[in-house]
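Letter by letter, the chains look like this.
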Amino acid sequence: AEVSPQRQRPSPLPSPTKKRKGVTIGLMANNGLLAYNHTNGVKMSPEMASRYDFSDYLPPGSTRATEEPIWLIGYEERQHHDHPISFGLTLSYPLTNRWTLSTGLVYTRLNSQFVNVLSGTPITTDQRLDYLGVPLNVQYHVLKGKGWKAYASAGTQLDWNIKAKRNTEGVDVNARNDHPQWSLAGGIGVEYDIIPLVGIYAEPGLRYYLKNDSKVDNFFKDQPFNWALQIGIRLNLGKEGK
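Residues numbered from 1 in each chain as written. Predicted model: local features only at pLDDT ≥ 70, side-chain atom pairs only at ≥ 80, totals over all residues. Heavy atoms only, no water.

1. A closer look at the overall build of the chain
Right, on to step 1. Looking only at helices and strands, the chain has two helices and 13 strands in total.
Right, on to step 2. For the chain, the proportion of its 242 residues judged to be buried stands at 30%.
Right, on to step 3. In the chain, once contacts between residues fewer than 6 apart in sequence are set aside, the share between residues at least 24 apart is 69%.
Right, on to step 4. About 16400 Å² of surface is accessible on the chain, with carbon and sulfur atoms providing 59% of the total. (Helix = DSSP H or I, 4+ residues; strand = E, 2+ residues; numbered from the N terminus. Buried < 20%, exposed > 50% of the residue type's maximum accessible area, 1.4 Å probe, protein only. Contact = heavy atoms within 4.5 Å. Areas by Shrake-Rupley, 256 points an atom, 1.4 Å probe, with all protein chains shown as cover.)

2. Structural notes on the environment of N226
Right, on to step 1. Along the polypeptide, N226 turns up in strand β12 (residues 225-236).
Right, on to step 2. Separated by 18 residues in the primary sequence, N226 and Y208 place their C-alpha atoms 6.6 Å from one another.
Right, on to step 3. Each residue touching N226, except ones within four places of it in the same chain, is listed here: H83, G205, L206, R207, Y209 and F219.

3. Here we look at the environment of E76
Right, on to step 1. Mapped onto the fold, E76 is located in strand β4 (residues 71-81).
Right, on to step 2. C-alpha of E76 to C-alpha of S119: the two residues are 43 residues apart in sequence and 9.0 Å apart in space.

4. Observations regarding the nonpolar core
Right, on to step 1. By size, the foremost hydrophobic cluster in this structure holds seven residues: L110, L129, Y131, Y209, V216, F219 and F220.
Right, on to step 2. Of all the elements in the fold, those that place two or more residues in this core are β7 (121-145) and α2 (219-222). (Core = buried A, V, L, I, M, F, W, Y, C linked by side-chain atoms within 4.5 Å.)

5. Overview of the packing of aromatic side chains
Right, on to step 1. Within this structure, the stated rule accounts for four aromatic pairs.
Right, on to step 2. Summarising the aromatic geometry, the rings of Y209 and F220 are spaced 4.1 Å apart at their centres and angled 25° between planes, so their arrangement reads as stacked. Of this pair, Y209 sits in strand β11 (residues 198-209) while F220 sits in helix α2, and the two are eleven residues apart along the sequence.
Right, on to step 3. Classification of Y209 as buried rests on a relative accessible area of 9%. (Phe/Tyr/Trp six-rings, centres within 6.5 Å; stacked < 30°, edge-to-face > 60°.)

6. Some details on the confidence of the model for the chain
Right, on to step 1. Predicted confidence across the chain gives a mean pLDDT of 81, with 71% of residues reaching 70 or more.
Right, on to step 2. Strand β8 (residues 148-168) holds the highest mean pLDDT among the elements of the chain, 96, whereas strand β13 (residues 240-241) holds the lowest, 43.
Right, on to step 3. When the criterion is pLDDT under 50, residues 11-19 qualifies, and its contacts beyond four places in sequence or with other chains add up to six contacts. (pLDDT = per-residue confidence, 0-100.)

7. Let's talk about the pairing of strand β6 (residues 99-118)
Right, on to step 1. For strand β5 (residues 85-94) and β6, the ladder comprises ten bridges, and the chain directions are antiparallel. Considered in β6, the bridge of S86 is made with T108.
Right, on to step 2. The turn joining β5 and β6, which pair antiparallel and follow one another in sequence, is formed by four residues.
Right, on to step 3. Between β6 and β7, which pair antiparallel and follow one another directly, the connecting turn spans two residues, one of which, S119, has a positive phi of 55°. (Pairing = 2+ DSSP bridges.)

8. A few points about the pattern of salt bridges
Right, on to step 1. Here the structure, examined in full by the defined rule, presents five salt bridges.
Right, on to step 2. E191 serves as the salt-bridge partner of K149, at 3.8 Å between the closest nitrogen and oxygen. With K149 in strand β8 and E191 in strand β10 (residues 181-195), the pair connects residues that are 42 residues apart, well separated along the chain.
Right, on to step 3. In this structure, the salt-bridge partner of R234 is E191, at a minimum N-O distance of 2.9 Å. You can see R234 sitting in strand β12 and its partner E191 sitting in strand β10, a full 43 residues away along the chain.
Right, on to step 4. What makes R234 buried here is its relative accessible area of 6%.
Right, on to step 5. Note on E191: relative accessible area 3%, which makes it buried.
Right, on to step 6. Taken together, the salt bridges that share partners define one network made up of R109, R128 and D130. (Salt bridge = Lys/Arg side-chain N within 4 Å of Asp/Glu carboxyl O.)

Here it is as structure tokens:
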């Protein structure tokens, strides 16, 4: 008698590995290496210039002193702006395997010094501006190895001037707050995992500060396009699971 072959049961398929997305919390510091110095001359006011006859010193074609700037000898303003120093807390969320969206809260301080020279006598004013900003950035992971990755980033940030202080020769004077300040940024970074959940990173980049129609002199206005180095530590709360 023929024995019918037994029907084989299909072997169970392996369960797919699921990736659980998780947030990344980071602490960052941002600073540059160069300060900015600038010297301005002091112009004579049109009202004062109208009292004098400068016809022998004016360029051909000029009929009035008020049509040409007249610089006062022995009067000038020297400006010194330290590079912005920033500290912050960031929060990142992966959109895909390569794209990440991040935001956070960033504190920035601007220190400036203005020296007004009047007839050879310098008068020094120190200025301090404190800002609180909210960044919004995207990252694209370009390369990835064992325990490290390289990425490019781009985004924007809005900073509010929460405190302004000016001091002239040891005396506090009235200080105006700066208008809200928008900026655009881009950079490249490398992150290295010192342990599976903790990584350190360095991110050099460029930042451009947009005009905000404020009359407050600071680094953002005198040097709107500059570069800086951001370093920090990231705690990766997401991990792969079954």
